[in-house]
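Architecture and fold: a report
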Amino acid sequence: MQQYSSLPDQNSQIDATPKLLTTIEQLRTQLWLESSLNQLQSSLNDCLLSACNTVSQAEAAQGEVFQTVVNEINSAVHSSNLAQIDFTVAIALFQPQETVATVCYVSRSPSANSQPLFLEVLTAEKKLLLRLQEVIEVEDLQQLENQQPPSAWRLADDCGSIMGWLIIAAVPRSCDRQSLIESQAQFRSQLMARSAKQCTTTLLQLRHIRSWQQRYQQLSSSNQELEHSNQLKNQFLANTSHEIRRPLSSIIGFTYLLLAPGYKPTKERQQEYLNIIQSCGKDLLALINDILDLSKVEANQLEVQYETVDVPLLCSNVLALVKEKASNKGLRLRLEIDPEITTLVADPLRLKQMLWNLLHNALKFTSIGSVGLQVAPKGEFVHFTVWDTGTGISQEDQALLFQPYFQIAKAIAGDIEGTGLGLALTRKLAEIHGGSVNVESEVDHGCRFTLILPLKQEAQVGGDEGVGEAKFSSSSLPFTPSSCVDILLVENDLPNAHLMQIYLDKLGYQVTWVKNAAEMWEALTQLDPAVILMDVYLADGNGLELVQQLRENRQYEAIPIIVQTAMAMKGDREICLASGVNDYISKPIDLPLLKSLVGKYSKAPTEVDGEWGVGSGGDEGDEGDGGDEGD
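Every chain is numbered independently, its residues counted from 1 as its sequence is written. Given that the model is predicted, a residue must reach a pLDDT of at least 70 before its local features are reported, and side-chain atom pairs must reach 80 or more before they are shown or counted; all residues, however, enter totals for whole chains, interfaces and linings. Computation of side-chain values: all heavy atoms of the structure, hydrogens and water removed.

The next subject is the overall build of the protein. Segments assigned H or I by DSSP are reported as helices when at least four residues long, segments assigned E as strands when at least two residues long, and all are numbered from the N terminus. Looking only at helices and strands, the protein has 16 helices and 21 strands in total. Of all 631 residues assigned to the protein, the portion counted as buried reaches 43%. Any two residues whose heavy atoms approach within 4.5 Å at even a single point are treated as in contact. For the protein, the proportion of contacts with a sequence separation of at least 24, taken over those separated by at least 6, is 70%. Surface accessibility of the protein: about 33,800 Å² in total, with carbon and sulfur atoms responsible for 51%. For the exposure calls, accessible area comes from a 1.4 Å probe over protein chains only, and a residue counts as buried if that area is under 20% of its type's maximum, exposed if over 50%, partly exposed in between. For the accessible areas, the method is Shrake-Rupley and the probe is 1.4 Å, while residue cover comes only from the protein chains on display.

In structure tokens, the structure reads:
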């Protein structure tokens, strides 16, 4: 039977001793390598933490990472047996599309007398000096990266694009140069390669941190803007509530007086009350129009109709609108127009709106003295300057003056009416015209607002023939209709239906009112109307769908249809016309305009009706609306 000894052979113990020593030496070196890399990672983590806690330039944070890598490798090599060589660690940065890289970071030498080391490019048989700002060909760096052992390791971003190279130049201190380099090259290469990887990973994390910081700053800025917008919204709602309640109070109050049992005012007093009610209603409409106009401008949906404007006439008309307000405050109104200014190309309604806003503001903040409008040419532009002798505006408030919903603090404290929309809308309308608005003012020395508009516009003068509602003024088609003209009124809202029916009855039409689609179809079996007035929103259907059904029916397809609706935004009129209607009028109903449209499509004779013609609405009512098509 074969026997085996449990004791090791003496010769095998002797042979194993060098291997054991080699393993211990490798382990010691490996521990040094891992410790050095851990220290490097710890320092890089400190760089990332610093970047998180402070908002610095991206170049500065990246530079700190590069310098940390160079310094830590320098410290690691000096703490090991690799210190038996002279070495320099550097980073050369590279710009895309260039053929050279620049040495931007170099390790600090422990000896003050140390000289810069050279890199040997073996394949090219050249030596490269490794010092700050030294320029190295990219081709040489690629050779240093590929030779064995390597002397350069690339630093790439997450997309694989090269940012630069981590470089080391080493020269042994002993005469046995070749043997020393070969024994230490493996550990040096591992240290440099893994350091380069840690560097690129840290740079990627740093880029993410910078991205998060920028996102945070954007969100912070957005939150501040939202908070500011919320404050403006709350102020706007408070101001709008005040502006709505003020005329509503008068409307409800004077209506109550007129309806009060036992109260019988004289005809003159009754007329006065009705004028107040009408004026307050127009104030409410103007407020709504301002809000709609600003919404249209901000949504890039506001259209203008350019035409040749008689400047002196338009300015005189605008001053007439504010004459009563100036008179009530004891202020003088002045108008100065340069004789050279006779016409310009603009949207007359919008120009009147802009000037009215400026004059109205001037009167609002002026209690003593004068308010004036000065018109003068300046090259290719016309300057409309509205000046006053009022309280003036501080520089701080001037910077915010044209923001929507902004109001001067003293105006709010002094309970001065307004919503903060007029100036914002005026500037936006001026910009649409290719112009601008600026202000000059000192506190207690009045203001000068200058509206600057070009004399000519690139757009064609004159509107499209399909402008529709805007084409017809209150006096465009005066007439006295025949009593045999039948009108079918399809209207869901009782007050509006009652108003239109009374008005058209007084004009001599035979008006049949129905409230919904079912009643309309029943009425058409007994009636052959000259015109159908169609509401869009009905209890049992959509008015535009009814129009399409009428157009598809040969019996009714030729009947003119005018739609009346509260839809007043851009595109609403086009939607209505596309459904097959002949024309469009928005609510609140402009009665003189209703008269014109019904007269046009019912082919009524054109004779002036003195009692129910233009005089009942008046020019003042047309100018007071201040809206665009249909407002």
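Attention now moves to the pattern of salt bridges. The salt bridge definition used is simple: a Lys or Arg side-chain nitrogen within 4 Å of an Asp or Glu carboxyl oxygen. Per the counting criterion, the structure on display carries 7 salt bridges. One salt bridge in this structure joins lysine 515 and glutamate 519, with 3.4 Å as the shortest N-O distance. In this structure glutamate 519 comes out as partly exposed when scored by relative accessible area, which is 26%. Across the pair lysine 587 and aspartate 535 runs a salt bridge, and its minimum N-O distance is 3.4 Å.

Generally, phi is negative for residues other than glycine and the peptide bonds are trans, each holding for most cases. Cis geometry marks the peptide bond from glutamine 148 to proline 149; its omega dihedral reads -10 degrees. Mapped onto the elements, proline 149 comes out in the loop between helix H3 (138-146) and strand E6 (152-156). With an omega of 0 degrees, the peptide bond between lysine 587 and proline 588 qualifies as cis. Structurally, the position occupied by proline 588 is in the loop between strand E21 (583-586) and helix H15 (591-602). One non-glycine residue, glutamine 133, adopts positive backbone phi at about 65 degrees. Given the relative accessible area of 56%, glutamine 133 is considered exposed. Of note in this structure, aspartate 444 is not a glycine but carries a positive phi near 70 degrees. Under the relative-accessibility criterion, aspartate 444 is labelled exposed at 61%.

Before going further, it helps to examine a nonpolar patch on the surface. The patch calculation keeps residues exceeding 30% relative accessible area without a salt bridge and links them within 9 Å when they carry like charges or within 5 Å when they are nonpolar (Val, Leu, Ile, Met, Phe, Trp, Tyr). A contiguous nonpolar surface patch, about 240 Å² in accessible area, is contributed by Ile244, Leu248 and Ile252. Inspection of the secondary structure assignment puts isoleucine 252 in helix H4 (residues 177-259).

Among the residues of H3, Val138, Asp140, Leu141, Leu144 and Glu145 are the ones counted as buried. All buried residues of H3 lie within an arc of 155 degrees about the axis, which places them on one face of the element. Summarising the geometry of H3, the exposed residues directed more than 90 degrees from the buried face are Glu139 and Asn146. Working note: the arc is built from the helix axis to C-beta atom directions.

It is worth spelling out the packing of helix H5 (residues 267-298) against helix H10 (residues 422-432) at this point. In helix packing, the relevant descriptors are the interaxial angle and the interaxial distance, both defined with respect to the helix axes. Every axis in this analysis is a line fitted to C-alpha atoms, fitted for helices over the stretch in contact. Angles between the N-to-C directions lie between 0 and 180 degrees. Where H5 meets H10, the axes come as close as 10 Å, and the angle between the chain directions of the two elements is 45 degrees. Classed by the angle they form, the pair H5 and H10 counts as oblique. At the point where H5 passes H10, the crossing takes the left-handed sense. Across from Asp290, Asp293, Leu294, Val297 and Glu298 in H5, the residues of H10 making contact are Leu425, Lys428 and Ile432. Of the residues assigned to the contact of H5 with H10, the class counts are 4 nonpolar, no polar and 4 charged. Angles below 35 degrees are treated as roughly parallel, those above 145 as roughly antiparallel, those between 65 and 115 as roughly perpendicular, and all remaining angles as oblique. By convention the crossing between two helices is left-handed if the near helix lies anticlockwise of the far one by an angle smaller than a right angle, and right-handed if it lies clockwise. Just so you know the grouping, Ala, Val, Leu, Ile, Met, Phe, Trp, Tyr, Cys and Pro go in nonpolar, Asp, Glu, Lys and Arg go in charged, and all remaining residues, Gly too, go in polar.

Once that is clear, we can look at the sheet that holds strand E14 (residues 447-454). Strand order in the open sheet formed by 5 strands is E9-E11-E12-E14-E13, with mixed pairing between adjacent strands. Each end of this open sheet is capped by a strand with a single partner; those strands are strand E9 (332-337) and strand E13 (436-441). Between one strand and the next, the sheet's axes are offset by a mean angle of 15 degrees, whatever the strand orientation. In this sheet, strand E11 (residues 370-378) lies alongside E9 in parallel orientation, the contact comprising 6 bridges. Strand pairing is assigned whenever DSSP identifies at least 2 bridges connecting the two strands.

A separate point is the environment of leucine 527. Here leucine 527 is to be found in the loop between helix H12 (517-524) and strand E17 (531-535). Overall, the relative accessible area of 18% leaves leucine 527 in the buried class. Separated by 39 residues in the primary sequence, leucine 527 and leucine 488 place their C-alpha atoms 8.3 Å from one another.

Okay, the environment of tryptophan 356 next. Within the fold, tryptophan 356 resides in helix H7 (residues 348-364). The partly exposed category is assigned to tryptophan 356, whose relative accessible area is 29%. With 70 residues separating them in the primary sequence, tryptophan 356 and threonine 426 have C-alpha atoms 9.5 Å apart. Once you skip the residues sitting within four places of it in the chain, tryptophan 356 turns out to touch Val318, Leu321 and Val322.

Another point: helix H11 (residues 494-506). How far a helix is expected to stretch is found by multiplying one less than its residue total by 1.5 Å. Here H11 spans 18 Å end to end across 13 residues, near enough to the 18 Å set by a 1.5 Å rise per residue. Among the residues of H11, Asn496, Ala497, Met500, Tyr503 and Leu504 are the ones counted as buried. The buried residues of H11 all sit within an arc of 140 degrees when viewed along its axis, so they share a single face. Seen from the open side of H11, the exposed residues pointing more than 90 degrees away from its buried face are Leu494, Pro495 and Lys506. Residues of H11 that are buried sit in contact with strand E15 (486-490), strand E16 (510-514), E17, strand E20 (561-565) and H15. By the N-cap criterion, in which a side-chain oxygen at the helix start approaches the backbone nitrogen of a residue two or three places on, H11 is capped by aspartate 493, the distance to asparagine 496 being 3.0 Å. The definition of a polar contact used here is a pair of N or O atoms within 3.5 Å, where within protein one atom must be able to donate a hydrogen and the other to accept one, and adjacent residues in sequence count solely through side-chain atom pairs.

Turning to the sheet that holds E15, a few remarks are in order. If you walk across this open sheet you meet the 5 strands as E16-E15-E17-E20-E21, and the pairing is parallel. Taken across any chain shown, the strands that pair with only one partner, and hence form the sheet edges, are E16 and E21. Averaged over neighbouring strand pairs, the angle between their axes works out to 20 degrees when direction is ignored. Of the strand pairs in this sheet, E17 and E20 are connected by 4 bridges, and their pairing is parallel. Its bridge partner lying in E20, aspartate 535 is registered against glutamine 564.

Just distances and angles here, no functional claims.
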